[in-house]
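# What the coordinates show
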Amino acid sequence: MKSVPLTAYPRQATRRAGAKQLRESGRVPAVIYGRQAPPQNLEIKAVDIENLIHHSASEILLLDLAVNGDARPNRLALVQEIQHHPLSGKVLHVDLHEVSENEKVTVMVPVEAVGEAIGVKEGGTLEHVLFKLRVRALPKDLPECIEVDVSNLAIGSAIHIGDIKPPPHCEILGDKHISVLAVAAPLTEEQEKALEAAAAEAGSVADVEMIKEKKEEGEAEEGAKAPAKGAAAPAAKGAAAPAAGAAAPAAEKKAAAKK
């Protein structure tokens with residue numbers, strides 16, 4: 001993998017409000033990790049990192065990182081992770097991993113299927129079981145992606161990790177028997193009907209549960225109102241009783257006066 005240049009700047013603002021202001025100014029917060037130095041907060045021009053991603057086959061990038069105004073201005077770094085906005089897709093944050101050119105690293109490399117499988121021509125469906133593979137190599141030998149030829153893949157067949165030839169000077173890690181790509185047989189009419197019936201049943205069950213929840217909520221609200229009425233009634237009777245009691249002595253006094 002060829003390294004590409006990128007300029008970063010030391011970052012002072014670390015809180016959420018500071019990161020938001022940073023993005024509004026056209027820059028992206030970043031952090032670089034490594035064994036040679038403690039983690040450091042950086043900021044990168046959004047247009048620079050987006051251009052690199054746009055012109056790359058994947059987001060695995062090897063950077064000749066220049067940190068402006070830093071005691072260690074030049075470093076070799078791998079893009080460890082890029083966080084994107086779920087709606088706009090804009091870059092929100094970048095994690096960098098400082099590496100040594102003479103030390104092997106392990107990264108997740110995307111898998112790309114090449115060719116049209118025989119099984120697909122016969123009506124089958126090509127399934128991606130694994131979208132990425134763990135690869136260990138020196139930084140300069142890391143591939144941007146791993147291409148797998150699926151032309152001879154028949155229905156019911158699969159390509160496993162052990163079947164994939166690693167790129168030069170690279171090692172593919174993981175259980176060699178795990179499937180990476182496979183061709184599934186086409187569904188029969190009975191299977192399609194069964195899937196449609198299951199989907200319809202799941203939808204009706206969800207509707208029933210929603211109605212039940214609404215009914216329970218309504219009963220709970222009525223139950224909450226009922227005690228309030230019950231509490232008001234005793235209070236009214238209790239208040240009326242003393243008034244009647246107070247009227248009785250007054251009548252007795254009036255009868256005594258007549259005598």
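Residues numbered from 1 in each chain as written. Predicted model: local features only at pLDDT ≥ 70, side-chain atom pairs only at ≥ 80, totals over all residues. Heavy atoms only, no water.

Strand order in the open sheet formed by 4 strands is 10-7-9-12, with mixed pairing between adjacent strands. Single-partner strands in this sheet number two, and they are strand 10 (146–149) and strand 12 (171–172). With 6 bridges connecting them, strand 7 (residues 105–114) and strand 9 (residues 132–137) associate as antiparallel partners. Paired with Pro-110 across the bridge in strand 9 is Lys-132. (Pairing = 2+ DSSP bridges. Helix = DSSP H or I, 4+ residues; strand = E, 2+ residues; numbered from the N terminus.)

Following the criterion strictly, the structure yields 6 salt bridges and no others. Residue Arg-27 pairs with Glu-43 through a salt bridge whose shortest N-O separation is 2.8 Å. Placement of Arg-27 in strand 2 (residues 27–33) and of Glu-43 in strand 3 (residues 40–45) is noted, with a sequence separation of 16 residues between them. The class for Glu-43 is buried, based on a relative accessible area of 11%. Taking the shortest distance from any N to any O, the salt bridge between Arg-35 and Glu-103 comes out at 2.1 Å. Taken together, the positions of Arg-35 in the loop between strand 2 and strand 3 and Glu-103 in the loop between strand 6 (91–98) and strand 7 put the pair 68 residues apart, joining distant regions of the chain. (Salt bridge = Lys/Arg side-chain N within 4 Å of Asp/Glu carboxyl O. Buried < 20%, exposed > 50% of the residue type's maximum accessible area, 1.4 Å probe, protein only.)

Now for the pairing of strand 10. Only one face of strand 10 is covered, namely the one carrying Ile-146 and Val-148; the face carrying Glu-147 and Asp-149 has none of its residues buried. Pairing between strand 7 and strand 10: 4 bridges, direction parallel. In the sheet register, Val-114 faces strand 10, and the bridge partner there is Asp-149.

Okay, the side chain of Asp-141 next. Note on placement: Asp-141 falls in the loop between strand 9 and strand 10. What makes Asp-141 buried here is its relative accessible area of 17%. Those residues within four positions of Asp-141 in sequence are excluded, and the remaining contacts are Met-1, Pro-168, His-169 and Cys-170. (Contact = heavy atoms within 4.5 Å.)

Residue-level pLDDT values for the protein chain average 82, and 78% of them are 70 or greater. Mean pLDDT values for the elements of the protein chain range from 56 in helix 4 (residues 189–258) up to 97 in strand 11 (residues 158–160). Below a pLDDT of 50 lies the segment residues 228–259, which in the model reaches 0 contacts outside its immediate sequence neighbourhood of four places, other chains included. (pLDDT = per-residue confidence, 0-100.)

To summarise the sheet geometry, strands pair through backbone hydrogen bonds and adopt either a parallel or an antiparallel arrangement. Strands sit in the order 1-3-2-6-5-4 around a closed barrel of 6 strands; the barrel is mixed. Neighbour-to-neighbour, the strand axes of the sheet open up by a mean angle of 45 degrees, direction not taken into account. As paired elements, strand 1 (residues 4–10) and strand 3 share 3 bridges and run antiparallel to each other. Across the sheet, residue Tyr-9 finds its bridge partner in strand 3, namely Glu-43. Most of the contacts of helix 1 (residues 16–24) go to strand 2, to which it runs at about 120 degrees, and overall it touches strand 2, strand 3 and strand 6. Strand contacts of helix 2 (residues 46–54): strand 1, strand 2, strand 3, strand 4 (62–67), strand 5 (74–84) and strand 6, with the helix running at about 80 degrees to strand 3, the strand carrying the most contacts. (Axes fitted to C-alpha atoms, helices over the stretch in contact; angles between N-to-C directions.)

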